[in-house]
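Here is what each chain is made of, one letter per residue.
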Amino acid sequence: MKNIILIGFMGSGKSTVGKFIANKNNMKQIDTDWYIERKHNRKISEIFETDGEETFRQMETDCIKELLKNSDKKYIVSVGGGLPMREENRELLHKLGTIVYLKAEISTLEKRLSGDKKRPLLQGGELHDKIASLMEKRESVYEELADIIVQTDNKSFEDIETEIKKGTEL
Ligand code: S3P
């Protein structure tokens, strides 16, 4: 059985959906953000601030490479919203498992992300504009990379799980 990889914008529910599915199906969950924070014993915001975004992006690539070495188990892997933007990472993700894009409208993301203090790319300025301009660069990449796309707006975790089951080996 293949791993399931959840991709999508910040706030699309990758970590929470991943946790729900992992618990219900007795699978292990890995979240690339948590993995990096644990490995380096630093918060992502601190890595961005001290070492810059490029260093964080390299940590993401290293994380996926490490997960590939240990692919004997079936995992749900939720990946940071910017990780698929590197071509190298896209190739690695295809090797790692079946890719599910959790898609959400900008208005939904805006509600979920309002007041967020953890995500460096969303701090300062107008939240709606930040989401919209990043989404413009990312949406087609997510869509092209995905094996299946699940629209998540106004859906319960159960509904999302059912759709993921339909399109994967979950
Ligand atoms: C980022 C998304 C974040 C985290 C970092 C950068 C991005 O993860 O990796 O703040 O570039 O979209 P989530 O998608 O889990 O919020």
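Residues numbered from 1 in each chain as written. Predicted model: local features only at pLDDT ≥ 70, side-chain atom pairs only at ≥ 80, totals over all residues. Heavy atoms only, no water.

Asker: Quick one: what's the story with the packing of helix 1 (residues 14–25) against helix 8 (residues 157–167), residue by residue and with numbers?
Answerer: Close contact between helix 1 and helix 8 brings their axes to 10 Å; oriented N to C, the two are set at 75 degrees. It follows from the interaxial angle that helix 1 and helix 8 lie roughly perpendicular. Across from Thr16, Val17, Phe20, Ile21, Lys24 and Asn25 in helix 1, the residues of helix 8 making contact are Phe157, Glu158, Ile160, Glu161, Ile164 and Lys165. Class assignment of the residues belonging to the contact of helix 1 with helix 8 gives a composition of six nonpolar, two polar and four charged. (Axes fitted to C-alpha atoms, helices over the stretch in contact; angles between N-to-C directions. Helix = DSSP H or I, 4+ residues; strand = E, 2+ residues; numbered from the N terminus. Parallel < 35°, antiparallel > 145°, perpendicular 65-115°, else oblique. Contact = heavy atoms within 4.5 Å. Nonpolar A, V, L, I, M, F, W, Y, C, P; charged D, E, K, R; others polar.)

Asker: So, the pattern of salt bridges: which residues are in play, and what are the values?
Answerer: Applying the stated criterion to the full structure yields 14 salt bridges. With a shortest N-O distance of 2.9 Å, Glu60 and Arg57 are connected by a salt bridge. With a gap of three residues between them, Glu60 and Arg57 both fall in helix 4 (residues 53–69), about one helical turn apart. For Glu60, a relative accessible area of 1% gives the class buried. Under the relative-accessibility criterion, Arg57 is labelled buried at 9%. (Salt bridge = Lys/Arg side-chain N within 4 Å of Asp/Glu carboxyl O. Buried < 20%, exposed > 50% of the residue type's maximum accessible area, 1.4 Å probe, protein only.)

Asker: Hey, could you go over the site of the ligand for me, with residue numbers and the actual values?
Answerer: Around the ligand sit 13 residues, and of these Lys14, Asp33, Arg57, Arg119 and Arg138 come closest. Arg119 has a polar side-chain atom sitting 2.6 Å from an oxygen atom of the ligand. With the chains in place, 96% of the 390 Å² that the ligand exposes on its own is no longer accessible. When residues in the shell around the ligand are grouped by element, the largest group, three residues, is from helix 4. Class assignment for the residues of the shell around the ligand results in four nonpolar, three polar and six charged. (Near = heavy atom within 4 Å. Polar contact = N/O pair within 3.5 Å; in protein donor to acceptor, adjacent residues only side chain to side chain. Areas by Shrake-Rupley, 256 points an atom, 1.4 Å probe, with all protein chains shown as cover.)

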